[in-house]
Amino acid sequence: MKRLIILAFAAALAPAALAQLYKSVDKDGKTVYSDTPPANTDSKQINVPASRPTDAPSPAAAPKSAVERDKDLEKGRKAAAEKQKKADEAAGRVAQNELRCTQLKGNFEMYAQGGKIQKTNDKGEREIMSDAEIESARERTRREMEEACKK
């Protein structure tokens, strides 16, 4: 209660705390600032608010209620959770891409070594791949590997 009374009193006296400042140019061409109007010189009156520390809270700003602070904290928690979720998803995508790159490198090496390679046909039977099929699979795997392994 005392703080509220002090705050109201300070707000009532605030206009009186404004300092009057006069700006004029002397005969040498220098700008002069003073708190009294200069004699025989054209001057301009400047209103300057009383100085206060820049890190001090504004007297007009009321402290936040507990509900407002809770809402701000909850908003901060949600933002942090969303940021963490996005980071986890990005890390998961990177891990999947690395795994795919490793698998494709293995497949490419298998096709590059040549020899007899078996495949399963539509009926589920094993067949030996022809040289043209191996070359086609090697080229396709090379393109996929380059795409998956680029960083």
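Just so we're clear, the structure is a prediction, and the values are computed from it rather than from any experiment.

Q: Provide a residue-level description of helix α2 (residues 66–113), including the pertinent values.
A: Spanning 48 residues, α2 covers 70 Å between terminal C-alpha atoms, matching the ideal 70 Å at 1.5 Å per step. Three or more residues of α2 are buried, namely Cys101, Leu104 and Tyr111. If you follow the buried residues of α2, they end up packed against α3 (131–149). Looking at the residues trailing α2, positive phi occurs at Gly114, about 80°.

Q: Let's hear about the pattern of salt bridges: which residues, and what values?
A: As enumerated under the stated definition, the model contains 9 salt bridges in all. Arg100 is the partner of Glu144 in a salt bridge, and the nearest nitrogen-oxygen pair spans 3.6 Å. Of this pair, Glu144 sits in helix α3 while Arg100 sits in helix α2; the two residues are 44 residues apart in sequence, bridging distant segments of the chain. By relative accessible area, which is 40% here, Arg100 ends up partly exposed. The salt bridge partner of Arg142 is Glu146, with a shortest N-O separation of 2.8 Å. In this pair, Arg142 and Glu146 both sit in helix α3, 4 residues apart, roughly one turn of the helix. Overall, Arg142 belongs to the partly exposed group, its relative accessible area being 25%. Taken together, the shared-partner salt bridges connect Arg100, Arg140 and Glu144 into one network.

The rules behind the values
- Residues numbered from 1 in each chain as written.
- Predicted model: local features only at pLDDT ≥ 70, side-chain atom pairs only at ≥ 80, totals over all residues.
- Heavy atoms only, no water.
- Helix = DSSP H or I, 4+ residues; strand = E, 2+ residues; numbered from the N terminus.
- Expected span 1.5 Å × (residues − 1).
- Buried < 20%, exposed > 50% of the residue type's maximum accessible area, 1.4 Å probe, protein only.
- Contact = heavy atoms within 4.5 Å.
- Salt bridge = Lys/Arg side-chain N within 4 Å of Asp/Glu carboxyl O.

Geometric values such as these leave the question of function open.
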